[in-house]
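# Coordinates in review
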Amino acid sequence: MSERVKVRVLLLVGDEAEIVADVEDAAGPERYPVVEFLAAVGVPRAELPGTRLTAQVGAGDRLFDWRLA
């Protein structure tokens, strides 16, 4: 079973969102396609920076199943 973690969207860079996970061993910000968040949580693109979400941790520590925190 995968773990659910808290994340925060830091900023948008083109078509990608830079996020950081709220876990001790986080390597630093990672980028994910903005469309993943728009489809999953329904927050307008302009309001994504600063949004707090949760996500499942999958294979290779890839995050998925975004939800508003």
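Residues numbered from 1 in each chain as written. Predicted model: local features only at pLDDT ≥ 70, side-chain atom pairs only at ≥ 80, totals over all residues. Heavy atoms only, no water.

Looking now at the pattern of salt bridges. With the rule as written, the count across this model stands at 4 salt bridges. In this structure, the salt-bridge partner of R31 is E16, at a minimum N-O distance of 3.9 Å. In this pair, R31 sits in strand β3 (residues 30-33) while E16 sits in strand β2 (residues 16-21), placing the two residues 15 residues apart along the sequence. One salt bridge connects E18 with R31, and the closest N-O pair in it is separated by 3.3 Å. Of this pair, E18 sits in strand β2 while R31 sits in strand β3, and the two are 13 residues apart along the sequence. Assessed through its relative accessible area of 16%, E18 is described here as buried. Residue classification places R31 among the partly exposed positions, given a relative accessible area of 39%. Via salt bridges that share partners, R4, D65 and R67 belong to a single interconnected network. (Salt bridge = Lys/Arg side-chain N within 4 Å of Asp/Glu carboxyl O. Helix = DSSP H or I, 4+ residues; strand = E, 2+ residues; numbered from the N terminus. Buried < 20%, exposed > 50% of the residue type's maximum accessible area, 1.4 Å probe, protein only.)

This part is about the pairing of strand β5 (residues 63-68). Direction of pairing for strand β4 (residues 52-57) relative to β5: antiparallel, over a ladder of 4 bridges. Note that in β5 the partner of L53 across the bridge is L68. Adjacent in sequence and paired antiparallel, β4 and β5 are bridged by 5 residues, among which G60 carries a positive phi angle near 65°. (Pairing = 2+ DSSP bridges.)

The subject of this paragraph is the nonpolar core. With 16 residues, the main nonpolar core has V7, I19, F37, L53, L63 and W66 as its most contacted residues. Broken down by secondary-structure element, the contributors of at least two residues to this core are β1 (4-13), β2, α1 (34-41), β4 and β5. Among residues more than four places away in sequence, those in contact with F37 are A17, I19, Y32, G42, L48, L53 and W66. (Core = buried A, V, L, I, M, F, W, Y, C linked by side-chain atoms within 4.5 Å. Contact = heavy atoms within 4.5 Å.)

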